[in-house]
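Chain by chain, the residues:
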Amino acid sequence: MEQVRDAGVSLFRIVIGLLFACHGAVKLFGFLGGPRGGTPAVFEWPGWWAGLIELTAGSLVLLGLATRAAAFLAAGEMAYAYFMVHQPKGLFPIINGGELAALFCWSFLILVFIGSGPWSLDTVVAHLRHRFKVKVPQGP
C-alpha cells in the first residue's frame, strides 16, 4: 500500500507542476491563445512576475527538484492572487472566480509538507549524496 501512496504523491506532483507551468507559459508567451488582453510586458507587475513564478516553480515541481521550496513559493503566489484579485469580489471562491487559485494554493501547500515522492530529482540527488557520501557544509 505504501508503494501506491508513493506513486500517487509523485503523480500528483507531476500533474500539478505541469498544469502550473502551462499556466505560466500561457501568461508569458501566449501559448494556447494566451491571456485575455495579451501577454504582459517584461517586468510588468504583477502579470509578468506571476507568469515567471508559475513557469519556474511549476517546472521545478514537475521535475521534483527543490520541490518544497518551489511549492512554497507557488502556494504564496496563489494565496496572493486569491486575496488580491478574487476575494474582493466575494467571500467564496465559487462566487469570486478564485477556485483555481485556491486549489493551486492548497495543492502546493500539501507538497510543502509531504515532499516530492520517490519519482523525483530530489530523490535522485539524495541517493547520489548518500552513495558518494557528500557532506553538505554546515553553518558556523
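Structure: see above.
The numbers attached to residues start from 1 for each chain and follow its sequence in the written order. pLDDT decides what is reported in this predicted model: residues at 70 or higher carry local features, side-chain atom pairs at 80 or more are listed and counted, and totals for whole chains, interfaces and linings draw on all residues regardless. Hydrogens are left out, water is left out, and the side-chain values use all remaining heavy atoms of the structure.

Considerations on the packing of aromatic side chains
Here is step 1 of the chain: Two aromatic rings from Phe, Tyr or Trp, using only the six-membered ring of Trp, form a pair when their centres are within 6.5 Å; if the ring planes differ by under 30 degrees the pair is stacked, by over 60 it is edge-to-face, and anything between is tilted. Summed over all chains, the structure comprises eight aromatic pairs.
Here is step 2 of the chain: Their ring planes at 35° and their centres at 5.7 Å tell us that phenylalanine 43 and tryptophan 49 sit as a pair that is tilted.
Here is step 3 of the chain: Any residue under 20% of the maximum accessible area for its type is buried, any over 50% is exposed, and the rest in between are partly exposed; the area is computed with a 1.4 Å probe on protein chains only. Judged by its relative accessible area of 56%, phenylalanine 43 falls in the exposed class.
Here is step 4 of the chain: Taking the relative accessible area as the measure of exposure, tryptophan 49 reaches 33% and is therefore partly exposed.
Here is step 5 of the chain: An aromatic cluster of at least three residues, connected via ring pairs, comprises Phe20, Phe104 and Phe108.

A few points about the state of the cysteines
As used in these notes, a disulfide is a covalent bond between sulfur atoms, one from each of two cysteines.
Here is step 1 of the chain: When two cysteine sulfur atoms lie within 2.5 Å, the pair is treated as a disulfide. In total, this model carries zero disulfides according to the counting rule given.
Here is step 2 of the chain: Of all cysteine sulfurs, the one in cysteine 105 lies closest to cysteine 22, which takes part in no disulfide; the gap is 20 Å.
Here is step 3 of the chain: Accessibility expressed as a relative area gives 36% for cysteine 22, which makes it partly exposed.

What to know about the packing of helix H3 (residues 67-86) against helix H5 (residues 99-114)
Here is step 1 of the chain: Angles here are taken between N-to-C directions and fall from 0 to 180 degrees, while the axes themselves are lines fitted to C-alpha atoms, restricted in helices to the stretch in contact. Numbering of helices and strands starts at the N terminus; helices are DSSP runs of H or I of at least 4 residues and strands are runs of E of at least 2. Two elements in contact, H3 and H5, have axes separated by 8 Å at closest approach and are oriented at 155°. Relative to H5, the element H3 is oriented roughly antiparallel. Considering the relative orientation of H3 and H5, their crossing is left-handed. Counted together, Arg68, Ala71, Phe72, Ala74, Ala75, Met78, Ala79, Tyr82 and His86 of H3 and Ala101, Phe104, Cys105, Phe108, Leu109, Leu111, Val112, Phe113 and Ile114 of H5 form the full contact between these two elements.
Here is step 2 of the chain: Under the grouping applied here, Gly and all other residues not named as nonpolar or charged are polar, the nonpolar ones being Ala, Val, Leu, Ile, Met, Phe, Trp, Tyr, Cys and Pro and the charged ones Asp, Glu, Lys and Arg. A breakdown of the residues in the contact of H3 with H5 according to their chemical character gives 16 nonpolar, one polar and one charged. Roughly parallel refers to an angle under 35 degrees, roughly antiparallel to one over 145, roughly perpendicular to one between 65 and 115, and oblique to any angle outside these ranges. A crossing counts as left-handed when the near helix is turned anticlockwise from the far one by less than a right angle, and as right-handed when that turn is clockwise. Whether two residues are in contact is decided by their heavy atoms: any pair within 4.5 Å suffices.

Details of the pattern of salt bridges
Here is step 1 of the chain: A pairing counts as a salt bridge when a side-chain nitrogen of Lys or Arg comes within 4 Å of a carboxyl oxygen of Asp or Glu. One pass over the structure, following the stated rule, counts two salt bridges.
Here is step 2 of the chain: The shortest N-O distance in the salt bridge between arginine 5 and aspartate 6 comes to 3.1 Å.
Here is step 3 of the chain: Note on aspartate 6: relative accessible area 23%, which makes it partly exposed.

Focus on the nonpolar core
Here is step 1 of the chain: Each nonpolar core is a collection of buried residues, namely Ala, Val, Leu, Ile, Met, Phe, Trp, Tyr and Cys, held together in the definition by side-chain atoms within 4.5 Å. If you look at the biggest cluster of nonpolar residues, it comprises 17 residues, and the most contacted ones within it are Phe20, Val61, Ala71, Met78, Phe104 and Phe108.
Here is step 2 of the chain: If you list the elements that add at least two residues to this core, you get helix H1 (2-29), helix H2 (47-63), H3 and H5.
Here is step 3 of the chain: In contact with phenylalanine 108, other than residues within four places in its own chain, are Ile16, Phe20, Val61, Ala71, Ala74 and Ala75.

Here we look at unusual backbone geometry
Here is step 1 of the chain: With omega at -5°, the peptide bond leading from tryptophan 45 into proline 46 counts as cis.
Here is step 2 of the chain: By the element assignment, proline 46 lies in the loop between H1 and H2.
Here is step 3 of the chain: Of note, phenylalanine 43 is a non-glycine position whose phi angle comes to about 70°, a positive value.
Here is step 4 of the chain: The residue phenylalanine 43 is located in the loop between H1 and H2 in this model.
Here is step 5 of the chain: Positioned with a positive phi, alanine 66 is a non-glycine residue whose angle comes to about 55°.
Here is step 6 of the chain: Given a relative accessible area of 40%, alanine 66 falls into the partly exposed group.

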